[in-house]
Amino acid sequence: MRVEVIMPKMGESIHEGTLIKWHKKKGDKVSKDEIIFEIATDKVDTEIPSSVDGILAEIKVFENETVDIDTVVAIIETDSESAEPAPKKEVVKDPAEDLQTTTKVGGNLIDVVMPKMGESVMEGTIIKWHKSVGDKVERDEILFEIATDKVDTEVPAISAGTLVEIFVKENETVDVETVVGRISSEGGLVKGKESEIRSQKSEEEILETTAKETVLGENSILPADKAGVKSETEKQSHPIGESNRFYSPLVLNIARKEGISFDELESLSGTGVGGRVSKRDILAYLKDRKSGKVFEQKATKVEVEKGTAQKDGVEIIPMDNIRKRIMQHMLNSRDTSVHVTAITEVEMTIIDKFLKEKKKKFMEEDGVKLTFLSFIARATVKALREYPMMNASLEGENILLKKFVNLGIAVAIEPNGLIVPNIKNADEINTKGLSRAIADLGFRARNKKLLPDEISGGTFSITNYGVFGSLFGTPIINQPEVGILGVGAVVKKPVVVTIDDVDSIAIKPMMYLSLSHDHRLVDGLLGGKFLKYVKDYLENFDTSKV
Amino acid sequence: MANKYDVAILGGGPGGYVAAIRAAQLGFKTVVIDKDNLGGICLNWGCIPTKSLIKNAELYDVMKNHAKDFGITVEGLSYDFSAIIKRSRKIADRISKSVDYLIRKNEVVRVKGFGKLLSKNEIGIFDTEGKQTEIIEADKIILATGASPKIVPPIPVDREFIITSKEAMSLPEQPESLIVIGAGAIGVEFAYFYHTFGTKVTIIEMLDNILPIEDEEVSKTLETNFKKSGMEIYTSTRVDKAVVVDGEVVVTIEKDGEKKELRASKVLSAIGVSGNISGLGLEDVGVEVERGHIKVNYETYQTNIDSIYAIGDVIGAPWLAHVASAEAITCIERIKGMEVASVDYGKIPGCTYCQPQVASIGLTEQKAKEEGYEIKIGKFPFSASGKAFASGDREGFVKLIFDAKYGELLGAHIIGSEATELIAEAGLAISMEATHESIIKTIHAHPTLSEAVMEAAANAYGESIHI
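First things first, this report covers the structure right here in the doc.

Calculation criteria
Residues numbered from 1 in each chain as written. Chains lettered and ligands numbered in written order. Predicted model: local features only at pLDDT ≥ 70, side-chain atom pairs only at ≥ 80, totals over all residues. Heavy atoms only, no water. Helix = DSSP H or I, 4+ residues; strand = E, 2+ residues; numbered from the N terminus. Expected span 1.5 Å × (residues − 1). Buried < 20%, exposed > 50% of the residue type's maximum accessible area, 1.4 Å probe, protein only. Pairing = 2+ DSSP bridges. Phe/Tyr/Trp six-rings, centres within 6.5 Å; stacked < 30°, edge-to-face > 60°. Lys NZ or Arg CZ within 6 Å of the ring centre and 35° of its normal. Contact = heavy atoms within 4.5 Å. Core = buried A, V, L, I, M, F, W, Y, C linked by side-chain atoms within 4.5 Å. Patch = residues over 30% accessible without salt bridge, like charges linked within 9 Å, V, L, I, M, F, W, Y side chains within 5 Å. Areas by Shrake-Rupley, 256 points an atom, 1.4 Å probe, with all protein chains shown as cover. Salt bridge = Lys/Arg side-chain N within 4 Å of Asp/Glu carboxyl O. Lys, Arg positive; Asp, Glu negative; His and termini not counted. Charge placed at Lys NZ, Arg CZ, Asp CG, Glu CD.

### Quick notes on helix H13 (residues 372-386) of chain A
Given 3.6 residues per turn, any residue in an α-helix points the same way as the ones three and four places further on.
All names here are of chain A.
Next, step 1: Its 15 residues place the ends of H13 21 Å apart at the C-alpha level, agreeing with the 21 Å of an ideal helix rising 1.5 Å per residue.
Next, step 2: Counted residue by residue, H13 has 11 buried out of 15 residues, so it is predominantly covered.
Next, step 3: Regarding H13, the residues found buried are Leu-373, Ser-374, Phe-375, Ile-376, Ala-377, Arg-378, Ala-379, Thr-380, Val-381, Ala-383 and Leu-384.

Here it is, written out as structure tokens:
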């Protein structure tokens with residue numbers, strides 16, 4: 001552990017002290033209570049003992065220097081292993097370090113990218129760098145070797161100069177077009193991302209900068225410190241989303257630390273300068289979210305934002321945020337997926353009979369209101385298990401096959417809302433459990449009590465327009481899923497039944513199911529099979545296992 | 001017949017004249033009423049003339065005490081006290097005239113005279129003899145009558161021996177000795193001014209520190225500095241009474257139960273200010289007053305009477321010109337129906353122009369802790385700044401207070417040369433909700449004193465390069 005030794009406060013009115021003598025040198029062992037230095041203040045002169053055992057790893061204040069009280073004058077390393085007072089200079093001289101801390105630069109910087117080796121090749125692995133940082137390279141000279149799933153090849157330099165940075169190490173795999181290194185066309189060394197800015201500077205300015213750092217930089221930066229700085233920067237450079245709105249660094253920090261998603265942030269209204277979301281706004285939201293009031297706030301917001309206008313008998317109503325979000329989601333889905341819809345008709349006799357007989361019993365014994373939807377949900381998760389491609393999503397040209405089923409249930413919210421919370425691991429829940437989960441999500445969605453986690457991460461959705469009496473529809477897929485099952489109303493219909501090769505007409509409870517699926521991934525074959533599976537499961541439902 | 005206006009503003013200080021100009025800009029027919037020159041206390045008897053005096057003191061101090069450090073020999077150095085005062089008065093006049101010009105340029109009507117509320121929409125104008133000369137009728141009336149030095153019975157101000165800031169900046173002769181009662185910004189600035197020119201100065205402060213609203217560390221540093229330069233300072237000390245005896249003032253003080261008498265040729269009472277609320281007709285119209293100031297809604301500045309508003313010192317602390325101006329603009333814009341953010345009273349900078357200067361914004365260390373923040377403190381002494389070294393101003397430091405949880409800059413406290421200019425960066429950072437990273441990653445020009453702000457931020461996170 002590194003212990004800071006500070007200039008002690010020697011009295012109420014004393015604000016500074018002069019270090020008059022060091023009793024120990026850097027690297028010396030010190031014991032607790034052993035005198036390590038002497039100080040003089042305008043009131044008293046005194047000797048200062050060490051508070052710990054260890055090794056004097058660093059001296060920050062030299063003899064005859066005057067510093068404010070509480071200034072760190074030295075560092076004692078108590079852990080003797082790492083305490084070996086690694087001489088700073090050696091650290092700096094480490095070649096890799098040296099290059100990264102150097103600030104001198106000249107010439108243009110040229111990005112070296114992972115080349116695209118064929119139409120379907122999306123990534124490549126660097127298997128060997130032929131040059132190291134600081135090496136001169138000629139144009140067309142081999143710079144590194146890569147391996148892709150199609151070809152392995154050597155990559156030549158596109159420009160002469162000096163290899164100043166390597167971002168992707170050997171055996172690392174990156175997407176094509178990723179910058180893997182940089183060449184400075186006229187030589188020189190650069191440091192990190194500052195290079196782009198610095199390269200614009202004239203040689204003199206740079207010399208002056210370097211000189212300045214030499215003069216004032218009495219203490220070199222320790223590697224540990226630098227790592228700290230770097231990780232901060234990296235954290236900074238991850239914006240949590242793209243937006244036209246400005247968020248202050250503080251608001252972004254709060255969002256990041258409190259796990260507020262970018263969408264949530266976008267939905268907040270601001271009271272700051274120019275309607276900006278301020279610390280006060282986000283903290284108020286946070287408080288509401290913790291107390292489960294989040295969606296309520298959104299609802300009241302709609303009222304505030306409404307502000308209608310009349311023009312030539314046409315009322316102009318600005319969309320509220322919920323409407324805007326639904327609009328964006330729908331457009332996005334239409335533009336993303338190739339929708340096709342297949343429809344089947346299901347005879348619900350078994351389930352209808354079961355519900356008529358047992359609904360009351362379940363209500364009384366378990367407090368569960370069994371509905372057609374819970375049976376359909378059960379059949380759907382079974383079908384998803386059978387046909388996992390329907391439980392997938394697309395990312396670029398990759399198929400992400402989900403090993404879990406988070407079943408989304410679309411819930412309409414009066415007067416103007418739609419939300420699709422999902423039942424986590426729905427494949428591990430029986431019909432009764434699903435019934436309970438659907439009722440619970442529906443209730444909480446309508447009462448604005450959903451948790452953020454419950455509206456993300458769905459893998460397949462069901463929408464039940466049958467409750468409005470609709471027979472069938474062509475639902476829009478809830479992105480990034482690849483399928484959605486539309487449930488129509490269960491109605492009694494005359495149907496042809498064949499018993500012992502004799503056709504006759506009977507009255508049966510019938511229901512249409514329509515499946516919209518993304519043709520990019522799911523073809524008619526799979527869609528049809530999936531739908532058939534659901535139909536068969538429902539028509540032959542084993543009601544002993546509800 | 002009454003003259004009709006959209007907005008009538010009573011008082012032409014930094015609250016009133018700014019309100020008048022903003023109102024005119026937004027298309028209101030506006031009148032501003034003041035019995036004196038425009039600019040109020042700030043321009044005529046406060047901020048500006050005292051800054052002029054302070055500049056004299058700084059120059060004299062450099063020539064007298066530091067010329068040698070710079071290799072400059074000064075012989076026969078002397079000063080003319082009345083010329084110093086004259087310069088200050090001249091500057092006040094000039095700047096008041098430029099406010100006249102701004103008022104004319106914006107076509108605001110200027111009425112000179114005493115104004116008194118006659119009804120919720122009428123102001124009567126009276127001349128120096130108390131004769132009513134005019135009635136002004138307005139939809140909205142804004143009271144911006146400011147404040148005056150507070151006078152309490154134990155310290156009977158006679159404006160000759162026991163004086164206020166107004167007399168202190170226009171004395172015909174330099175006093176041999178001066179006791180300053182109250183070590184707020186006004187007291188401390190006059191103490192510095194007179195002490196620098198050789199008056200024997202004693203400061204008496206009732207609270208534990210001079211500049212008691214500042215961060216304790218800053219106050220203590222200033223106190224040490226003043227004491228080193230030879231000023232006498234009594235803190236945690238009460239003034240029992242001040243009496244004039246044989247052309248000098250005898251002040252009885254009490255510290256830790258012990259009484260003591262101090263004598264000086266003048267006493268400056270700088271114990272605070274109170275709102276100018278008398279003679280305005282407030283009672284007649286029924287405007288509510290609370291503990292010496294007009295009661296308003298701090299979002300709209302509306303009083304309990306819907307057509308009457310009040311801004312600036314007359315509505316109470318923090319008694320700062322820049323706050324009055326901010327309130328003026330917010331008040332007018334809200335009257336216009338614009339959606340504007342409210343004045344954030346937690347983000348107002350405060351400056352004291354003695355040497356070393358003191359400036360601050362936001363929470364002090366103590367206050368931040370009281371409010372339950374877990375804090376990170378970053379400090380950077382000017383003794384580690386190359387620029388401060390070069391200019392021979394190595395005293396003081398920058399102290400920044402951050403919320404450890406989210407990295408918000410909660411407060412900034414600067415003592416040292418140009419502190420009052422340096423605080424602006426912290427003000428912007430706080431109002432834009434910048435975090436420590438924003439400050440650390442902003443490139444500050446080298447060599448400047450402002451680098452100390454960046455270094456202090458870095459210091460809070462263990463990343464400072466130069467300490």
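On we go.
### A few points about the sheet that holds strand S14 (residues 161-166) of chain A
All names here are of chain A.
Next, step 1: Strand order across the open sheet formed by 4 strands is S9-S16-S14-S11, with antiparallel pairing between neighbours. Each edge of the open sheet carries a strand with a single partner, namely strand S9 (109-113) and strand S11 (136-137).
Next, step 2: As defined by bridge partners, S14 adjoins strand S16 (residues 179-184) across 4 bridges and the pair is classed as antiparallel. Looking at the pairing, Glu-165 lines up with Arg-182 of S16.

### A few points about the packing of aromatic side chains
Aromatic ring pairs are reported here in terms of the distance separating the ring centres and the angle at which the planes meet.
Next, step 1: For the structure shown, the criterion picks out 21 aromatic pairs over all chains.
Next, step 2: Ring pairing ties together the aromatic residues Phe-354, Phe-362, Phe-375, Tyr-387, Tyr-533, Tyr-537 and Phe-541 of chain A, which thus form one cluster.
Next, step 3: For Lys-361 of chain A, the ring lying beneath its charged end belongs to Phe-362 of chain A, and the centroid distance is 5.3 Å.
Next, step 4: Between Arg-394 of chain B and the ring centre of Phe-389 of chain B, over which it is positioned, the NZ or CZ distance is 4.0 Å.

### What about the environment of Asp-100 of chain B?
Residues and elements named next belong to chain B.
Next, step 1: Within the fold, Asp-100 resides in helix H4 (residues 81-105).
Next, step 2: Look at Asp-100 and you get partly exposed, because its relative accessible area is 26%.
Next, step 3: Sequence-wise, Asp-100 and Gly-39 are 61 residues apart; in three dimensions their C-alpha atoms are separated by 8.7 Å.
Next, step 4: Aside from chain neighbours lying at most four places away, what touches Asp-100 is Leu-38 and Arg-110.

### Comments concerning the pairing of strand S15 (residues 266-269) of chain B
Residue and element names in this part refer to chain B.
Next, step 1: Here S15 shows a buried face lined by Lys-266 and Leu-268 and a second buried face lined by Val-267 and Ser-269.
Next, step 2: Inspection of the sheet shows strand S8 (residues 162-163) paired to S15 by 2 bridges, in the parallel sense. What sits directly across from Ile-162, in S15, is Val-267.
Next, step 3: With 4 bridges connecting them, strand S9 (residues 177-181) and S15 associate as parallel partners. Looking at S15, one finds that Val-180 is bridged to Leu-268.

### Describing the nonpolar core
Next, step 1: Ile-103, Leu-117, Ile-142, Leu-143 and Ile-294 of chain B are the most contacted members of the largest nonpolar core, which has 53 residues in total.
Next, step 2: For this core, the leading source of residues is helix H1 (residues 16-25) of chain B, giving 7 residues.
Next, step 3: Sequence-distant contacts of Ile-142 of chain B, that is, excluding residues within four places in its chain, are made with Val-7, Ala-8, Ile-9, Leu-10, Tyr-309, Ile-311, Cys-331, Ile-332 and Ile-335 of chain B.
Next, step 4: Counting residues in hydrophobic clusters, the runner-up holds 50 residues, among them Tyr-387, Met-390, Ile-438 and Leu-515 of chain A.

### Points about a positive patch on the surface
Next, step 1: Together, Lys-86, Lys-90, Arg-94 and Lys-97 of chain B give the surface a local cluster of positive charge.
Next, step 2: Here Lys-97 of chain B lies in helix H4.

### A look at a nonpolar patch on the surface
Residue and element names in this part refer to chain B.
Next, step 1: Taken together, Leu-59, Val-62, Met-63, Phe-70, Ile-72, Val-74 and Leu-77 make up a surface patch of nonpolar side chains, about 560 Å² in accessible area.
Next, step 2: Structurally, Leu-59 is set in helix H3 (residues 47-66).
Next, step 3: According to the relative accessible area criterion, Leu-59 is partly exposed, its value standing at 43%.

### Re helix H9 (residues 279-290) of chain A
Next, step 1: With 12 residues, H9 of chain A extends 16 Å between its outermost C-alpha atoms, agreeing within 8% with the 16 Å of an ideal straight helix rising 1.5 Å per residue.
Next, step 2: Lys-279, Asp-281, Ile-282, Tyr-285, Leu-286, Asp-288 and Arg-289 of chain A are the residues of H9 of chain A that are buried.

### With respect to the pattern of salt bridges
It is possible for side chains of opposite charge to pair when their charged atoms get near one another.
Residue and element names in this part refer to chain A.
Next, step 1: Tallying each qualifying case throughout the model produces 42 salt bridges over all chains.
Next, step 2: Glu-58 is the partner of Arg-2 in a salt bridge, and the nearest nitrogen-oxygen pair spans 3.1 Å. Of the two residues, Arg-2 sits in strand S1 (residues 2-6) while Glu-58 sits in strand S6 (residues 54-59), which places them 56 residues apart along the sequence.
Next, step 3: Classification of Arg-2 by relative accessible area gives partly exposed; the value is 44%.
Next, step 4: A relative accessible area of 6% places Glu-58 in the buried class.

### Topic: the environment of Trp-45 of chain B
Residues and elements named next belong to chain B.
Next, step 1: By secondary structure assignment, the location of Trp-45 is in helix H2 (residues 40-45).
Next, step 2: For the pair Trp-45 and Ala-92, spaced 47 residues apart in sequence, the C-alpha separation works out to 7.7 Å.
Next, step 3: Discounting residues that sit within four places of it in the chain, Trp-45 has contacts with Gly-40, Arg-89, Lys-166, Met-169 and Ser-170.

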